[in-house]
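Here's the letter readout for the chains.
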Amino acid sequence: SRQLLKPDDQLELTEAELGEEITKVLTPTNTNVVLNFVVYSFKEGAFVKIPPAGSTGKITFMNPPISAS
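Residues numbered from 1 in each chain as written. Predicted model: local features only at pLDDT ≥ 70, side-chain atom pairs only at ≥ 80, totals over all residues. Heavy atoms only, no water.

## Considerations on a nonpolar patch on the surface
Here is step 1: A surface patch of nonpolar side chains, about 500 Å² in accessible area, is lined by Val38, Tyr40, Phe42 and Phe47.
Here is step 2: With respect to the secondary-structure elements, Phe42 resides in the loop between strand E1 (38–41) and strand E2 (46–49).
Here is step 3: On the basis of relative accessible area, Phe42 is assigned to the exposed category, the value being 76%. (Patch = residues over 30% accessible without salt bridge, like charges linked within 9 Å, V, L, I, M, F, W, Y side chains within 5 Å. Areas by Shrake-Rupley, 256 points an atom, 1.4 Å probe, with all protein chains shown as cover. Salt bridge = Lys/Arg side-chain N within 4 Å of Asp/Glu carboxyl O. Helix = DSSP H or I, 4+ residues; strand = E, 2+ residues; numbered from the N terminus. Buried < 20%, exposed > 50% of the residue type's maximum accessible area, 1.4 Å probe, protein only.)

Listed below in structure tokens is the structure:
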């Protein structure tokens, strides 16, 4: 005998709104990576920015459609 509880201010959506696909993009950032690290280059005679270590930090997730055969 469980009863569904919902807030008084919850939106009532139509079937079209419920069926609408919404795409969200998550962008992870590592706060431990130093993005503005510079060293002095004697060859160039100036400070040179060093790129952050590791991969590019981009991850792509794919959800291909499944065909019913």
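## Topic: the confidence of the model for the chain
Here is step 1: In the predicted model, the chain carries a mean pLDDT of 80, and 80% of its residues have values of at least 70.
Here is step 2: Mean pLDDT across the secondary structure elements of the chain bottoms out at E1, with 89, and peaks at helix H1 (residues 15–19), with 92. (pLDDT = per-residue confidence, 0-100.)

## Quick look at the pattern of salt bridges
Here is step 1: Enumeration over the complete set of coordinates arrives at one salt bridge.
Here is step 2: With its nearest N and O atoms 2.9 Å apart, the salt bridge here joins Lys6 to Glu12.
Here is step 3: Under the relative-accessibility criterion, Lys6 is labelled partly exposed at 48%.

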